[in-house]
Amino acid sequence: MQLTVHPGNPLRGEVTVPGDKSLSHRAALFAALAQGESVIDRFLVSGVTRAMLDALTPLGVAWQVKDERLTVCGAGLDGLRAPAAPLDCRNSATTIRLLAGAIAGAGLETTLDGSAGLRRRPMGRIVEPLRRMGLEISAAASGGAPLHLRGRLPDQKLRAIEHVLPVASAQVKSCLLLAALNGDGPTVIREPGPSRDHTERMLRAMGVRIENPVTNVVVLHPPSAPLRPLRLQLAGDISAAAFLIVAALVTPGSAIVIRDVGLNPTRTGLLDALRAMGADIRERNLRDWSGEPVGDLVVHHSPLRGTRVAGELVVRMIDEFPVFAAAAALADGVTEVREAEELRHKESDRITAVAHEFQAIGAKIEPLPDGFRVTGGRVAGGAVNPHGDHRIAMSCAVAGLAAQAPVTIDGAEILHESFPTFRETLIALGAKVECK
Ligand code: S3P
């Protein structure tokens with residue numbers, strides 16, 4: 001599929017975005033571990049969440065999804081069944097890392113594998129602590145998938161450990177917390193920064209005792225009772241809303257409202273970075289949806305100026321750097337992103353790929369070992385290839401709205417991985433978008 005975005009039209013109107021990807025992954029898997037039927041509304045049906053759902057079937061979990069309502073018949077913490085064949089996690093790092101934790105806890109003999117892209121993602125960060133917990137697990141020689149987990153006797157618990165994450169990562173933290181549900185005592189996880197805490201919030205809602213004695217430290221106490229099933233409505237994905245927010249900011253004459261967006265503070269780093277650039281983004285109608293903060297965002301076109309992003313802010317906007325590059329390229333002055341080396345381990349090496357693709361459409365962007373530097377001003381337009389990375393595809397499309405000439409994205413079907421309605425939503429807001 002080829003997508004062409006034409007500059008010019010202001011964006012106006014009120015929209016919603018699909019349910020949050022991180023919440024959708026967790027809701028599906030945690031519901032499988034609960035005792036009883038869970039019902040989850042506004043579930044994101046997309047490439048990566050399908051990978052999670054389809055992996056649950058061979059584990060003996062029955063589920064059904066209809067009109068964004070997911071119903072899961074929970075198997076319980078010890079009710080999963082060993083699959084006959086390797087589980088295919090496709091292109092989803094969240095699926096493989098969270099499943100590895102859940103399966104480690106359940107003690108099942110399993111192989112977890114995925115696409116060539118997934119095989120390139122680092123797995124040593126979960127393999128090493130899972131081994132310390134007493135799990136027999138092996139990875140490929142590269143340190144990535146396929147992962148092979150050896151089974152354990154049903155009554156054999158994992159060792160409770162204290163683990164210090166070298167890099168803040170919600171996937172690693174969640175993997176270990178899931179394994180720790182079957183630990184022989186409280187597990188303690190320390191992180192260098194505030195990675196997203198959806199797992200902690202959702203497991204708490206299911207009855208698990210989880211504490212944060214100090215910032216960036218989590219303690220999980222293994223439950224003595226079954227996990228309670230979920231009855232939830234998922235917040236809109238702020239990482240999907242991010243594309244619309246930047247689109248409205250950079251396109252003259254725009255004024256939009258995005259309703260029901262998840263505003264968990266571990267996810268709102270982009271809003272802080274954009275406000276530091278002069279963005280007019282307002283939050284209204286703030287609410288709580290099952291322990292997750294939700295609100296409506298009102299965004300007006302704003303002249304942006306360059307800024308610097310580093311430290312904890314990097315963690316709180318870890319998925320938003322491709323679209324942040326679009327904002328920086330269309331801002332006045334220099335923007336620098338530092339201490340973000342972790343971007344090299346995402347769906348693509350996001351430092352190299354973002355620099356390459358934004359250069360292809362005429363932005364002045366220079367890769368740095370731990371980030372990038374953008375000299376803002378103008379984006380010429382042209383053709384890009386998103387390197388199999390959904391966020392790069394959508395970010396270049398956003399830049400096209402305020403470029404000098406149209407931006408064309410080849411292989412644009414990749415955006416179905418996380419935001420299947422991206423094109424329709426832009427069109428509903430008034431953008432001129434063609435699809436071939
Ligand atoms: C996610 C955590 C982040 C993020 C990813 C989703 C999650 O990855 O980039 O898109 O749902 O836990 P890391 O844990 O590798 O930082």
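Structure: above.
Okay, so let's go over this structure. (Residues numbered from 1 in each chain as written. Predicted model: local features only at pLDDT ≥ 70, side-chain atom pairs only at ≥ 80, totals over all residues. Heavy atoms only, no water.)

### Observations regarding the packing of aromatic side chains
Here is step 1: Inspection of every chain in the model, using the stated rule, returns 3 aromatic pairs.
Here is step 2: Judged by centre distance (6.1 Å) and plane angle (80°), the rings of Phe 243 and Phe 422 are edge-to-face. Note that Phe 243 is positioned in helix H8 (residues 238-250) and Phe 422 in helix H14 (residues 422-428), a separation of 179 residues in sequence.
Here is step 3: You can call Phe 243 buried: its relative accessible area is 2%. (Phe/Tyr/Trp six-rings, centres within 6.5 Å; stacked < 30°, edge-to-face > 60°. Helix = DSSP H or I, 4+ residues; strand = E, 2+ residues; numbered from the N terminus. Buried < 20%, exposed > 50% of the residue type's maximum accessible area, 1.4 Å probe, protein only.)

### Some remarks on the nonpolar core
Here is step 1: Ile 245, Leu 274, Phe 324, Phe 358 and Phe 422 are the most contacted members of the largest nonpolar core, which has 82 residues in total.
Here is step 2: Ranked by residues supplied to this core, first place goes to H8 with 12 residues.
Here is step 3: Ignoring anything within four residues of it in the chain, the contact list for Phe 324 reads Leu 270, Ala 273, Leu 274, Met 277, Thr 307, Val 309, Met 317, Thr 335 and Val 337.
Here is step 4: Ranked by size, the runner-up nonpolar core spans 70 residues in total, among them Leu 33, Leu 112, Leu 220 and Val 294. (Core = buried A, V, L, I, M, F, W, Y, C linked by side-chain atoms within 4.5 Å. Contact = heavy atoms within 4.5 Å.)

### Examining empty space enclosed by the protein
Here is step 1: In total, this model carries 2 cavities of 30 Å³ or more according to the counting rule given.
Here is step 2: Each pocket or cavity is described by its volume, and for the largest cavity that value is around 90 Å³.
Here is step 3: Around the largest cavity, the lining residues are Leu 23, His 198, Arg 201, Met 202, Leu 232, Gln 233, Leu 234, Ala 235, Trp 289, Ser 290 and Glu 292.
Here is step 4: Tallied by class, the residues present in the lining of the largest cavity amount to 6 nonpolar, 3 polar and 2 charged.
Here is step 5: Split by domain, the residues of the lining of the largest cavity number at least three in each of domain 1 (3-19 + 235-435) and domain 2 (21-222).
Here is step 6: Counted by class, the lining of the second largest cavity contains 4 nonpolar, 4 polar and 3 charged residues. (1 Å grid on protein atoms, 1.4 Å probe; cavity = no way out; pocket = protein on both sides within 12 Å on 5 of 7 lines; lining within 4 Å. Points joined across faces, edges and corners; volume = space filled by probe spheres on them. Nonpolar A, V, L, I, M, F, W, Y, C, P; charged D, E, K, R; others polar. Domains from an automatic or database assignment.)

### Focus on the sheet that holds strand S16 (residues 280-289)
Here is step 1: On the basis of which strands lie adjacent, the open sheet formed by 4 strands has the order S2-S15-S17-S16 and mixed pairing. On the outer flanks of this sheet lie strand S2 (12-16) and S16, each paired with one strand and no other. Pairs of neighbouring strands in the sheet enclose a mean axial angle of 15°, with direction left out of account.
Here is step 2: Inspection of the sheet shows S16 paired to strand S17 (residues 292-300) by 8 bridges, in the antiparallel sense. Across the sheet, Ile 281 pairs through a bridge with Val 299, a residue of S17.
Here is step 3: Relative to the sheet, helix H9 (residues 269-276) contacts S16 and S17, its axis offset from that of S16 by approximately 160°. (Pairing = 2+ DSSP bridges. Axes fitted to C-alpha atoms, helices over the stretch in contact; angles between N-to-C directions.)

### Digging into the sheet that holds strand S20 (residues 364-368)
Here is step 1: Reading across the sheet, the 4 strands line up as S18-S19-S21-S20 and stay open at both edges, with mixed pairing between neighbours. Each end of this open sheet is capped by a strand with a single partner; those strands are strand S18 (308-309) and S20.
Here is step 2: Looking at chain direction, S18 and strand S19 (residues 334-337) are connected through 2 bridges and run parallel. Residue pairing in the sheet places Arg 308 in a bridge with Glu 336 of S19.
Here is step 3: Along the sheet, helix H12 (residues 350-360) makes contact with S20 and strand S21 (371-375), crossing S20 at roughly 165°.

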